[in-house]
Amino acid sequence: MEVVVITKRGTLIGRMQPIHNGHISVIKETLKEMDEIIIGIGSAQISHTIENPFTAGERILMLSKALTEHNIDPSRYYIIPLEDIACNSLWVAHVKMLTPPFTKIYSGNPLVKELFQENHYDVITPPLFNRKEYSGTEVRRRMLNNGNWEKLIPKSVTKIIKDINGVERIKYLNQKEVSQL
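Residues numbered from 1 in each chain as written. Predicted model: local features only at pLDDT ≥ 70, side-chain atom pairs only at ≥ 80, totals over all residues. Heavy atoms only, no water.

Brief notes about the layout of surface pockets
Rule in force here: Every definition here rests on a 1 Å grid over the protein atoms only: cavities are sets of points where a 1.4 Å probe fits but cannot get out, pockets are open sets enclosed by protein on both sides within 12 Å along at least five of seven lines, and lining residues have some atom within 4 Å of a point. Grid points are joined across faces, edges and corners, and a volume is the space filled by probe spheres set on the points. Residue type decides the class: Asp, Glu, Lys and Arg count as charged, Ala, Val, Leu, Ile, Met, Phe, Trp, Tyr, Cys and Pro as nonpolar, and the leftover types, Gly among them, as polar.
Approximately 840 Å³ is the volume attributed to the largest pocket. Tallied by class, residues from the lining of the largest pocket come to 16 nonpolar, 14 polar and five charged.

Thoughts on helix α6 (residues 155–163)
We apply this condition: Think of it in three bands: with a 1.4 Å probe and only protein chains considered, a residue is buried below 20% of the maximum accessible area for its type, exposed above 50%, and partly exposed in between. A helix here means a DSSP run of H or I that spans at least four residues, while a strand means a run of E at least two residues long, and both kinds are numbered starting from the N terminus.
Within α6 the residues assigned to the buried category are Ser 156, Val 157, Thr 158, Ile 160 and Ile 161. Two residues or fewer past α6, Asn 165 is found with a positive phi of approximately 55°.

So, the environment of Val 123
Where we set the bar: By the convention used here, residues are in contact when the closest approach between their heavy atoms is within 4.5 Å.
Inspection of the secondary structure puts Val 123 in strand β5 (residues 122–124). On a C-alpha basis, the gap between Val 123 and Pro 18 in space is 24 Å, while along the polypeptide they are 105 residues apart. Excluding residues that lie within four positions of it along the chain, Val 123 makes contacts with Ile 105, Lys 113, Phe 116 and Gln 117.

What to know about the packing of helix α3 (residues 88–98) against helix α4 (residues 110–118)
Packed helix pairs are specified by the crossing angle of their axes together with the interaxial distance, meaning the distance between the axes. Rule in force here: Axes here mean lines fitted to C-alpha atoms, for a helix over just the part in contact, with angles spanning 0 to 180 degrees between N-to-C directions. Note that the term roughly parallel is reserved for angles under 35 degrees, roughly antiparallel for angles over 145, roughly perpendicular for angles of 65 to 115, and oblique for everything else.
Here α3 crosses α4 at 75°, and the two axes come no closer than 9 Å. As the angle between them shows, α3 and α4 are arranged roughly perpendicular. Residues Asn 88, Trp 91, Val 92 and Val 95 of α3 lie in contact with α4, whose contacting residues are Leu 111, Val 112, Leu 115 and Phe 116. When its residues are assigned to classes, the contact of α3 with α4 shows seven nonpolar, one polar and no charged.

Dropping the structure here:
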């Protein structure tokens, strides 16, 4: 008789603008419960705004390098860009179409939680690690104000942001958005 092993696979969705140490902590904690994790790069179609300065490709690169830096086994995760769609009631089906099968969703976002619960998924709110500092909003705020943003993110992500002139991009986008008000 053949023994079938069921893989426990969960999905974590976030914009990750940029990837910070809180994201890495949540991924590590999730991998204590799951065999594999699907990491959905949310709002993949949006970039070059003050809230979403980085492209999906840049975020995938940042996340891949950060996971390698933290010795997370690449056979245990998938990184999938997820574009938003205009109809919330269809979004869960859209995510399912783009990802390997999963049984749990990890999210702190109220809308994401509601949509997946309505579709009978087990929804877990992951613990937030030092949310006051570890948030994309705080990282971008520090970049704008010449603060110490580097300590909030993995070293590999700092290198990528510097390589793509990410801080200069955010400062330019901030000037552009302020001037349009």
